[in-house]
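# Summary of structural features
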Amino acid sequence: MAALDGLPPLRDVIQRHGLDARKALGQNFLLDLNLTQKVARTAGSLEGATVFEVGPGPGGLTRAILALGARKVIAVERDSRCLPALAEIADHYPGRLDVIEGDALKTDFAALAADGPIRIIANLPYNVGTQLLVNWLLPLQWPPFWQSLTLMFQKEVGQRIVAQEDDDHYGRLGVLCGWRTQAHMAFDISPQAFTPPPKVTSTVVHLTPRENPIPCDVDKLEKVTQAAFGQRRKMLRQSLKPLGGEALLLKADIDPQRRAETLSVEEFCRLANCL
């Protein structure tokens, strides 16, 4: 892709700016520009879209998103060392890249949303990825401001996102994602593609919002899933005791002897609505 956008190879950029990836920031830089393009393409057509990116680092994915025609990229980066490298990309694509120095967990993305389709595409820092996803999943207003999420996680997290009942990976995250989105794992990326190589395989997950999820109170669903999966080995009559136990389960027409991992998303919503 260096030939595509005329910018220098990422390894040269990293060396010139002294951008060693920092474990404390959950950084693992993806240097293969063919792979960054594959990630960006997973989001579908970017023509005319505004894309939010978290943790762009030296900008490999940023470059792919811009080269594929995004109208605007708004990137949130807390590592000030990366800003000069990102400024070079902004100069190359005048008016199409805005970089916000700050913490993504404290960023109001909805307030930054402009007209036109909004997509979120990111190689998320490992240490904040799941929390960011939950934040985007649980706004009070739905459908959300974004049209799709194309996110990179550790493979184990990706498996939890797409898991359904009776799956070993099924838990609170699978319920929340299944309730409000349709999610699938697009493809895996080996550790060797990153600098430094992480100890685990990564995976790209694509999520689109359900137009009409089952009506359910967000806070109550969080309470029910937290209690149920907090003691997943126990029968629900025991794990849900603080929320009403057997009486709550019978009200929702669910056998009190079942365990959390056997309940469908619809049944968890029923429990929340009976709380």
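Before reading on, note that the structure itself is shown above.
Our subject in this report is the structure included herewith. (Residues numbered from 1 in each chain as written. Predicted model: local features only at pLDDT ≥ 70, side-chain atom pairs only at ≥ 80, totals over all residues. Heavy atoms only, no water.)

### Re the overall build of the protein
The helix and strand tally for the protein stands at 13 helices and nine strands. Computed over the C-alpha atoms, the radius of gyration of the protein is 20 Å, within 12% of the 19 Å expected from 2.2 N^0.38 for a compact globule of 275 residues. Over its C-alpha atoms, taken along the principal directions, the protein stretches across nearly 65 × 40 × 25 Å. Across the 275 residues in the protein, those meeting the buried criterion constitute 50%. Long-range pairs, those at least 24 residues apart, make up 70% of the contacts in the protein with a sequence separation of at least 6. Accessible area for the protein stands at about 12,600 Å²; split by element, carbon and sulfur atoms hold 47% of it. Within the protein, one finds 31 positive and 31 negative side-chain charges whose respective centroids are separated by 4 Å. (Helix = DSSP H or I, 4+ residues; strand = E, 2+ residues; numbered from the N terminus. Rg over C-alpha atoms; globule rule 2.2 N^0.38 Å. Buried < 20%, exposed > 50% of the residue type's maximum accessible area, 1.4 Å probe, protein only. Contact = heavy atoms within 4.5 Å. Areas by Shrake-Rupley, 256 points an atom, 1.4 Å probe, with all protein chains shown as cover. Lys, Arg positive; Asp, Glu negative; His and termini not counted. Charge placed at Lys NZ, Arg CZ, Asp CG, Glu CD.)

### Points about the nonpolar core
Grouped together as the largest cluster of nonpolar side chains are 54 residues, with contacts concentrated most on L133, W136, L151, I161, F268 and L271. Contacts of W136, omitting those with residues within four sequence positions, involve V54, F109, I120, L124, W142, F145, W146, L149 and L151. With 37 residues, the next largest nonpolar core counts L46, A70, L86 and I89 among its residues. (Core = buried A, V, L, I, M, F, W, Y, C linked by side-chain atoms within 4.5 Å.)

### Topic: the packing of aromatic side chains
Given two aromatic rings, their pairing is described by the distance between the two centres and the angle made by the two planes. Evaluation of the coordinates by the stated rule reveals six aromatic pairs. Three or more aromatic residues joined by ring pairs make a cluster, and in this case those are F52, F109, W136 and F145. The lysine or arginine in question, K38, covers the ring of F187, its NZ or CZ lying 4.3 Å from the ring centre. (Phe/Tyr/Trp six-rings, centres within 6.5 Å; stacked < 30°, edge-to-face > 60°. Lys NZ or Arg CZ within 6 Å of the ring centre and 35° of its normal.)

### Describing the pairing of strand 9 (residues 202-209)
Along strand 9, six of the eight residues are buried, which leaves the element largely enclosed by surrounding structure. Of the strand pairs in this sheet, strand 6 (residues 148-154) and strand 9 are connected by six bridges, and their pairing is antiparallel. In the strand pairing of strand 9, F153 is matched with T203. Bridging between strand 7 (residues 181-189) and strand 9 involves eight bridges; their strand directions are antiparallel. What sits directly across from A183, in strand 9, is L207. (Pairing = 2+ DSSP bridges.)

### Some remarks on the pattern of salt bridges
Applying the stated criterion across every chain yields a total of nine salt bridges. With a closest N to O distance of 2.7 Å, K155 and D188 form a salt bridge. Placement of the pair is K155 in helix 8 (residues 155-162) and D188 in strand 7, with a sequence separation of 33 residues. The salt bridge partner of E267 is R258, with a shortest N-O separation of 2.8 Å. Judged by its relative accessible area of 24%, R258 is partly exposed. (Salt bridge = Lys/Arg side-chain N within 4 Å of Asp/Glu carboxyl O.)

### Remarks on a negative patch on the surface
Judged by side-chain charge, E165, D166, D167 and D168 come together as a negatively charged surface patch. Relative to the assigned elements, D166 resides in the loop between helix 8 and helix 9 (172-180). (Patch = residues over 30% accessible without salt bridge, like charges linked within 9 Å, V, L, I, M, F, W, Y side chains within 5 Å.)

### Observations regarding the sheet that holds strand 9
Strands sit in the order 4-3-2-5-6-9-7 across an open sheet of seven strands; the sheet is mixed. With partners counted over all chains shown, the strands left at the sheet margins are strand 4 (97-101) and strand 7, one partner each. On average, each strand axis in the sheet is inclined to that of its neighbour by 20 degrees, with strand direction left out of account. Sheet topology note: the strand 5 (residues 118-123)/strand 6 ladder contains five bridges and is parallel. (Axes fitted to C-alpha atoms, helices over the stretch in contact; angles between N-to-C directions.)

### Things to note about the environment of I254
Inspection of the secondary structure assignment puts I254 in the loop between helix 12 (245-251) and helix 13 (265-274). Remark: the alpha-carbon pair of I254 and L271, spanning 17 residues in sequence, is separated by 8.4 Å. Not counting residues up to four positions away in its chain, the partners in contact with I254 are L236, L249, L263, E267, R270 and L271.

### Here we look at unusual backbone geometry
Between W142 and P143 the backbone carries a cis peptide bond, its omega angle lying at 5 degrees. Tracing the chain through its elements places P143 in the loop between helix 7 (129-137) and strand 6. With omega at -10 degrees, the peptide bond leading from T195 into P196 counts as cis. For P196, the position within the fold is in the loop between strand 8 (194-195) and strand 9. Even without being glycine, D166 reaches a positive phi, approximately 70 degrees. With a relative accessible area of 59%, D166 lands in the exposed category. Phi angles above zero are rare outside glycine, and D253 is one such case at about 60 degrees.

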